[in-house]
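Structural overview
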Amino acid sequence: MNSHAPTLLLACDLGKSGGKFFYKLLHGQTHALWMEAEVAQREAAGVESISPGGRPQDCAWYRNGEVLTFVGKAAQRFLDYNSFKEDKSLKAPERIVGTLGAIAKTEGLPSRFDAVVWVLLPINELFTRQQIASRLTTLAQGFRFQDEVEYRVGLTLSFRPEGYGIYVQRKAQLQQTGVSIAQRTTWIEMLGHRNGTQLAFETGTLNSAKSTSKFPGFWESFEKAANAAGVSVTEYDVLLRALETGQAQQYSVAKGTAVDFSTAIAQVEAAYLASLESHFTDHLLPSLATGKGDVVLAGGAAYLMREPLRQFFEERGFASRLTFAWEHQEALTQLVKAQLPEAVELPSLPMRMTDGFGLFQALLGDFNRLRVGA
């Protein structure tokens, strides 16, 4: 690293519905950042105009030679949809560079700065980290954000499995009660839209043999159940809102009237729990039954399905072993609500940022240890 260049610390959780980021400059304050997930690339000659103004994260785009890369809201004008099934690793470098550019402009960073960047990836995509690192390093060597400043970023990269930040948060919570997380088995169940990820920590160490990203995600069950209940694609967002709020009566723009989604909600909940049951039965419940394990549920689907999931574990006698990752996260909630106006329309945003916030805490701890030991 260049000792004279500013140093940025950045934690990245590249969700399919949006990117969750936390950052700080070496002697600055912690900031939360949310950016939509879309990425679009176009030849510069084929783009007639680009709307200026707004927050840098809302109009994030950059030039590499004759190619323009649009990230987040800026990319949405070029795309019809954002695939939930696409691997996160495919567009990770472009998304991170867009974020670096947005932060650099917001913070008034010089054209050359250093960045320590930690990235969460599904455990079954960690094998792509060298590919991501190579592409990201190349892009960071020279990109012109919004065709203004050309930034050159000295990167120090590290990758962790999704759920690692949840583990860090859980460890801190237990320490406050005088308990060491190494004394117990901790199951982190990341229930995502595209897939589920299970991390098994035993004696404070990740057990890769018991960890997986290969059990069903929420979206496949949701689509099948919604269709079976007669809910059209145009009403998916309304049904999701009904699930999140627990209020079955929702206004449907497509129908021009209020609709009772209680039947659809029941079918979605039943279908998703059925898809999870074999995974839980084979890989989680036996450990809980021995009295050795605790389970932490996290991810967007866990939030949408929080009450049915709570009931699932209560019915099997494991209520005392169950924790939801977003519980007892007052500091995170205050930070997100204070800094991100998106939280008004996305009340689940603090919950969705829990993994990234834990990753950021780990990054800060590691960086500070290195500085003390230097």
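Just above sits the structure.
This report concerns the structure included in the present document. Note that this is a predicted model, so its numbers are computed, not measured. (Residues numbered from 1 in each chain as written. Predicted model: local features only at pLDDT ≥ 70, side-chain atom pairs only at ≥ 80, totals over all residues. Heavy atoms only, no water.)

With respect to the pairing of strand β9 (residues 149-161)
When a strand is regular, its side chains alternate between the sheet's two faces. Bridging between strand β7 (residues 112-121) and β9 involves 10 bridges; their strand directions are parallel. For Asp114, the partnering residue across the bridge sits in β9 and is Gly154. Bridge count between strand β8 (residues 143-145) and β9: 3 bridges; the pairing is antiparallel. Looking at β9, one finds that Phe143 is bridged to Tyr151. Connecting β8 to the antiparallel partner β9 that follows it, the hairpin turn spans 3 residues, and Gln146 within it adopts a positive phi of roughly 50°. (Pairing = 2+ DSSP bridges. Helix = DSSP H or I, 4+ residues; strand = E, 2+ residues; numbered from the N terminus.)

Describing the environment of Arg55
Relative to the helices and strands, Arg55 resides in the loop between β4 (39-43) and β5 (60-64). Under the relative-accessibility criterion, Arg55 is labelled partly exposed at 27%. Along the backbone, Arg55 and Leu285 are 230 residues apart, and their C-alpha atoms lie at a distance of 46 Å. Those residues in contact with Arg55, other than ones at most four positions away along the chain, are Pro341 and Glu342. (Buried < 20%, exposed > 50% of the residue type's maximum accessible area, 1.4 Å probe, protein only. Contact = heavy atoms within 4.5 Å.)

Focus: the packing of helix α5 (residues 218-228) against helix α7 (residues 262-283)
Axis angle and axis distance: for two packed helices, these are the angle between their axes and the distance between the axes, and together they describe the pair. Interhelical geometry of α5 versus α7 gives an angle of 140° and a closest axis separation of 8 Å. Where α5 crosses over α7, the two elements pack in a sense that is right-handed. Residue-level inspection shows Phe218, Ser221, Phe222, Ala225, Ala226 and Ala228 of α5 in contact with α7, the latter providing Gln267, Val268, Ala271, Tyr272 and Ser275. For the contact of α5 with α7, the per-class residue count stands at 8 nonpolar, 3 polar and no charged. (Axes fitted to C-alpha atoms, helices over the stretch in contact; angles between N-to-C directions. Left-handed = near helix turned anticlockwise from the far one by under 90°. Nonpolar A, V, L, I, M, F, W, Y, C, P; charged D, E, K, R; others polar.)

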